Amino acid sequence: MTGIPDRIILLPKAKIEFIETKRPGREPRPIQKKDKPFKKLNFKVYVLDFKENIDEIIKRIEDDNLEYTLRKYQNYPTEFIKENRKSSLLLDMGLDKTVIGLMAIKDLFFDAFAISKVLIIVPLRVARYTWKEEIEGWSHPDILKYSVLIGSEEERIKGVDIFPRTRLS
């Protein structure tokens, strides 16, 4: 098949990655660079062009699939969010508020089936950069579909419209 990566990597917890193999120094063909369908489904495509780079690709795959374990001080706020329909997370900088929130949201969505949507209100800088990086950087929330609602009213409405059955009143 044209445009499909050469190798499929099956990882624990139903994770799938793809590797496109190329001759040394060769670039993927234009059709092989069209990985948007894979990215839309949260799959990653790695390019391997030198056998010496295998260890580097394995390391990147491992890094991209980090499992996060809550630290002791993060357990209480995570459980608090899960047990209270409305909650606020007010912690000092560097205490991983984003990760705590994402862990609680993931558990409420997929373990408890207690929620189907969530609204998170954060400072603009956090909305613009931190949440996107955290969601895309850790394997635990990578199945969450999200939209950052910033900008004009029209842009925010457009961001909400990516979710089926979502209505603004």
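Residues numbered from 1 in each chain as written. Predicted model: local features only at pLDDT ≥ 70, side-chain atom pairs only at ≥ 80, totals over all residues. Heavy atoms only, no water.

### As for the overall build of the protein chain
Along the protein chain, the regular secondary structure elements total seven helices and three strands. Evaluated residue by residue, the protein chain yields a buried proportion of 27% over its 169 residues. Put simply, of all contacts in the protein chain between residues at least 6 apart along the chain, 46% involve residues at least 24 apart. Carbon and sulfur atoms make up 56% of the accessible area of the protein chain, which totals about 13,000 Å². (Helix = DSSP H or I, 4+ residues; strand = E, 2+ residues; numbered from the N terminus. Buried < 20%, exposed > 50% of the residue type's maximum accessible area, 1.4 Å probe, protein only. Contact = heavy atoms within 4.5 Å. Areas by Shrake-Rupley, 256 points an atom, 1.4 Å probe, with all protein chains shown as cover.)

### A look at the packing of aromatic side chains
Counted under the stated rule, the structure contains one aromatic pair. A centroid spacing of 6.3 Å and a plane angle of 35 degrees characterise the contact between Tyr76 and Phe80, whose relative ring orientation is tilted. With Tyr76 and Phe80 both in helix α4 (residues 72-83) and four residues apart, this pair spans about one turn of that helix. The exposure class assigned to Phe80 is partly exposed, which follows from its relative accessible area of 32%. (Phe/Tyr/Trp six-rings, centres within 6.5 Å; stacked < 30°, edge-to-face > 60°.)

### Looking at the environment of Arg7
Within the secondary structure, Arg7 is located in strand β1 (residues 7-11). The spatial distance from the C-alpha of Arg7 to the C-alpha of Glu20 is 6.4 Å, given a sequence separation of 13 residues. Residue contacts for Arg7: discarding those within four places in its chain leaves Glu17, Phe18, Ile19 and Thr21.

### Focus on the sheet that holds strand β3 (residues 45-48)
Adjacent strands of a sheet pair through backbone hydrogen bonds, lying either parallel or antiparallel. Read from one edge of the open sheet, three strands run β1-β2-β3, paired in mixed fashion. Edge positions in the sheet fall to β1 and β3, since each of these pairs with one other strand and no more. Within this sheet the neighbouring strands show an average axis-to-axis angle of 30 degrees, counted without direction. Here four bridges tie strand β2 (residues 15-21) to β3, and the two strands are oriented parallel to one another. Looking at the pairing, Ile19 lines up with Tyr46 of β3. (Pairing = 2+ DSSP bridges. Axes fitted to C-alpha atoms, helices over the stretch in contact; angles between N-to-C directions.)

### Observations regarding unusual backbone geometry
The backbone of Asp96 shows a phi angle near 65 degrees, a positive value even though the residue is not glycine. Of note, Asp96 is situated in the loop between α4 and α5 (97-111). Look at Asp96 and you get partly exposed, because its relative accessible area is 25%.

### Some words on the nonpolar core
Among the nonpolar cores identified, the biggest contains five residues, and these are Ile19, Tyr46, Leu48, Ile57 and Ile61. Elements with a contribution of two residues or more to this core: β3 and α3 (54-64). Apart from the residues within four sequence positions on either side, Ile19 is in contact with Pro5, Asp6, Arg7, Ile9, Tyr46, Leu48, Ile57 and Ile61. (Core = buried A, V, L, I, M, F, W, Y, C linked by side-chain atoms within 4.5 Å.)

### Here's the deal with the environment of Lys22
Here Lys22 lies in the loop between β2 and α1 (30-33). Lys22 sits 26 residues away from Leu48 along the chain, and the two C-alpha atoms are 6.1 Å apart.

### Looking at the confidence of the model for the protein chain
When pLDDT is averaged across the protein chain, the result is 76; 76% of the residues are at 70 or more. The element-level mean pLDDT for the protein chain is lowest in α1, coming to 67, with α4 highest at 90. (pLDDT = per-residue confidence, 0-100.)

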